[in-house]
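# Geometric and topological summary
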Amino acid sequence: MIDKHSSTALLTDKYELTMLQASLADGSGERQVAFEVFGRRLPNERRYGVVAGTARVLDAIRSFRFTEEQLASLDFLDDRTLDYLRNYSFSGQVDGYREGELYFPASPILTVRGTFAECVILETVILSILNADSAIASAATRMVTAAGGRPIIEMGSRRTHEEAAVTAARAAYLAGFSATSNLEAAARYNIPASGTAAHAWTLLHTNPDGTTNEAAAFKAQIDTLGTDTTLLVDTYDITEGVNTAIEVAGPELGGVRIDSGDLGVLARQVRQQLDSLGAHNTNIVVSSDLDEFAIAALRAEPVDVYGVGTSVVTGSGAPTAGLVYKMVEVDGVPVAKRSLDKRSHGGVKAAIRTCRRSGTAVEEIAFPLGSEIPDVGNLHYRDLTIPMMRDGEVVDGLPTLEESRDHLVKALVSLPWEGLALSRDEPVLSVRFHGV
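Computed from a predicted model, the values in this text were never measured in an experiment.

Here the focus is the overall build of the chain. The number of helices and strands found in the chain is 15 helices and 19 strands. Overall size of the chain, expressed as C-alpha extent along the three principal axes, is 80 × 60 × 40 Å. Looking at the chain residue by residue over its 436 residues, the buried ones come to 51%. Once local pairs closer than 6 in sequence are excluded, the contacts in the chain between residues at least 24 apart make up 74%. Counting every atom, the chain has about 19,600 Å² of accessible surface; 50% of that belongs to carbon and sulfur. Averaging the positions of the 40 positive and the 58 negative side-chain charges in the chain gives two centres separated by 6 Å.

Structure (structure tokens):
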């Protein structure tokens, strides 16, 4: 039995339940419909988006059950609606893009089919997950690309909501980050954890007379964690901090971290200093408000590892992916909005992505779900839409987090080279509608 702490049923907006009540009253709640998740545009300077959070969406749909305590709080609903919610369990179909897939404006990322009553009340929980996770994964992927193969550690827990910190770490790991500082994310999603000490640790070892004692802090850390640890060397003077670190740990010290100042200049200076001290294998870790542009600017510098916080957990200035959940079909009839700047394409869709023999992506084609795949000529293609739920049950064999992470790497390789640029431009691929 689901309790109020594991139920996702109240992660919704009031108007969804008032629509539900009205639909039950006039009988329209039993009409078969389809809702589609898509984005009208990409936020900020994105040239592509990354689908993330799909597995969490499926879990949320399965946990969308109302407890008696929750129902008692819904005093604006009539008895018939409350009885419907008391017995609610999604029994429809979900299809969509797998996690780690790239998407573009109008890509049919997720399709939910069933009765109006059972589909309409899922809108908010689906969008809240996909919008947050996809924004973070999209930003994180750009950072991974900018890093050029160097590891990035996610360390943004203190810059967001405590639960958002956990899911942000998951999305960043999906995008290619190597580790997280958040232990709940590490435990829940089996993500490698990373972290050593903060400036408070060095300050703690201030002598009784008020003089600093950086060496004591470093020695205690080394004695506890070994020489593979990373020492934070910028609490006071960086040059002195590096000298002290090597004096205490020896030339086999795992790493030093710089968390302030002109990181490019400091990284060069510290690398020269470490090499002069014989610490040729000691890594340089940099942090301090890094985003994809700052990381790209450091590509030519002797930086070994990046630590990223605020810019990734907030989606690098894009805390939402701008995805929407719109009805596209009623009783088999395509329906679409005609509002200015908010037009949609009716009909339930699947999608393929065409590519050249070299593997470079050319175009995305959306076509009626279940219909024949459009002719792509001499191009190759791969399916983007996969079944995720059937009759309310999650389909067996969906990709794991690790598999989705690997898939994203391959998807990025398929983009034309200009698609990975960080400059503002149009989406690198377009979506063409065939037969819809």
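The subject of this paragraph is the packing of aromatic side chains. Inspection of every chain in the model, using the stated rule, returns five aromatic pairs. Relative to tyrosine 325, the ring of phenylalanine 35 has its centre 4.6 Å away and its plane inclined at 10°; by these criteria the two rings are stacked. Here the residue phenylalanine 35 occupies a position in strand S1 (residues 32–39), and tyrosine 325 occupies one in strand S12 (residues 323–330), the gap between them amounting to 290 residues. For the pair tyrosine 84 and tyrosine 88, a centre-to-centre distance of 6.1 Å together with 55° between the ring planes defines the contact as tilted. Judged by relative accessible area, tyrosine 88 falls into the buried class, the value being 4%. Through pairs of rings, three or more aromatic residues link up here, namely Phe64, Phe66, Tyr84 and Tyr88.

Look at aspartate 289: it is not a glycine, yet its phi comes out positive at around 55°. For aspartate 289, the position within the fold is in the loop between strand S10 (283–286) and helix H13 (292–297). A relative accessible area of 70% places aspartate 289 in the exposed class. Even without being a glycine, aspartate 391 presents a positive backbone phi close to 55°. By the secondary structure assignment, aspartate 391 is in the loop between strand S17 (385–390) and strand S18 (393–394).

Our next topic: the sheet that holds strand S7 (residues 179–180). Pairing is parallel in the open sheet, where six strands are placed in the order S7-S6-S11-S10-S9-S8. Each edge of the open sheet is held by one strand with a lone partner, namely S7 and strand S8 (230–232). Across three bridges, the pairing between S8 and strand S9 (residues 255–258) is parallel. Each residue of the ladder has a partner; that of leucine 231, found in S9, is valine 256. Strand contacts of helix H12 (residues 263–276): S9 and S10, with the helix running at about 155° to S9, the strand carrying the most contacts.

Attention shifts here to the sheet that holds strand S5 (residues 110–115). Pairing is antiparallel in the open sheet, where seven strands are placed in the order S13-S12-S1-S5-S3-S17-S18. Edge positions in the sheet fall to strand S13 (333–334) and S18, since each has one partner strand and no second. Direction of pairing for S1 relative to S5: antiparallel, over a ladder of six bridges. Following the sheet pairing, valine 33 is matched in S5 by glycine 114.

Here arginine 47 lies in the loop between S1 and strand S2 (49–50). Within the structure, arginine 47 has its side chain in polar contact with the backbone oxygen of glutamate 426 (distance 2.8 Å).

Moving on, we come to the UniProt feature "domain: Nicotinate phosphoribosyltransferase N-terminal" (unreviewed entry) in the chain. Sites flagged by UniProt as "domain: Nicotinate phosphoribosyltransferase N-terminal" (unreviewed entry) map to residues 10–131. As a span, residues 10–131 carries 40% helix and 19% strand, and end to end its C-alpha atoms are 18 Å apart.

It is worth spelling out helix H6 (residues 123–147) at this point. With 25 residues, H6 extends 36 Å between its outermost C-alpha atoms, agreeing within 8% with the 36 Å of an ideal straight helix rising 1.5 Å per residue. Summarising burial for H6: 21 of the 25 residues are buried, a large majority. Two residues or fewer after H6 comes glycine 148, characterised by a positive phi angle close to 60°.

A separate point is the environment of threonine 314. Of note, threonine 314 is situated in the loop between helix H14 (310–313) and S12. Given a relative accessible area of 28%, threonine 314 falls into the partly exposed group. Taking the C-alpha atoms as reference points, threonine 314 and valine 233, separated by 81 residues in sequence, lie 27 Å from one another. Engagement of the side chain of threonine 314 in a polar contact is seen with the backbone oxygen of threonine 310, the distance being 2.8 Å.

Residues Leu102, Ile258, Val286, Ile295, Tyr306 and Val312 are the most contacted members of the largest nonpolar core, which totals 64 residues. It is helix H7 (residues 162–175) that contributes the most residues to this core, eight residues altogether. If we skip the residues at most four places from it in the chain, isoleucine 258 touches Val233, Asp234, Ile238, Leu263, Leu266, Ala267, Val270, Ile284, Val285, Val286 and Ser287. By size, the runner-up hydrophobic cluster in this structure holds 48 residues, among which are Val37, Leu58, Leu384 and Met388.

Attention now moves to the pattern of salt bridges. Applying the stated rule across the entire model yields 21 salt bridges. In this structure, arginine 353 and glutamate 101 form a salt bridge, with 2.9 Å as the shortest nitrogen-oxygen distance. On the criterion of sequence distance, the pair formed by arginine 353 in strand S14 (residues 349–355) and glutamate 101 in the loop between strand S3 (93–97) and strand S4 (102–103) is long-range, its members being 252 residues apart. Across this residue pair, the class does not change: arginine 353 and glutamate 101 are buried. Note on glutamate 101: relative accessible area 1%, which makes it buried. Overlapping salt bridges, with partners in common, bring together Glu101, Arg353, Glu364 and Arg382 in one network.

The next subject is helix H11 (residues 238–249). Its twelve residues place the ends of H11 16 Å apart at the C-alpha level, agreeing with the 16 Å of an ideal helix rising 1.5 Å per residue. Of the surrounding elements, those touching the buried residues of H11 are helix H10 (214–225), S8, S9 and H12. If you check the start of H11, you find a side-chain oxygen 3.2 Å away from the backbone N of threonine 239, and it comes from aspartate 237. Once H11 finishes, glycine 250 follows within two positions and takes phi at roughly 85°, a positive value.

Conventions we followed
- Residues numbered from 1 in each chain as written.
- Predicted model: local features only at pLDDT ≥ 70, side-chain atom pairs only at ≥ 80, totals over all residues.
- Heavy atoms only, no water.
- Helix = DSSP H or I, 4+ residues; strand = E, 2+ residues; numbered from the N terminus.
- Buried < 20%, exposed > 50% of the residue type's maximum accessible area, 1.4 Å probe, protein only.
- Contact = heavy atoms within 4.5 Å.
- Areas by Shrake-Rupley, 256 points an atom, 1.4 Å probe, with all protein chains shown as cover.
- Lys, Arg positive; Asp, Glu negative; His and termini not counted.
- Charge placed at Lys NZ, Arg CZ, Asp CG, Glu CD.
- Phe/Tyr/Trp six-rings, centres within 6.5 Å; stacked < 30°, edge-to-face > 60°.
- Pairing = 2+ DSSP bridges.
- Axes fitted to C-alpha atoms, helices over the stretch in contact; angles between N-to-C directions.
- Polar contact = N/O pair within 3.5 Å; in protein donor to acceptor, adjacent residues only side chain to side chain.
- UniProt positions renumbered as here; feature names shortened; annotations may be inferred.
- Expected span 1.5 Å × (residues − 1).
- Core = buried A, V, L, I, M, F, W, Y, C linked by side-chain atoms within 4.5 Å.
- Salt bridge = Lys/Arg side-chain N within 4 Å of Asp/Glu carboxyl O.

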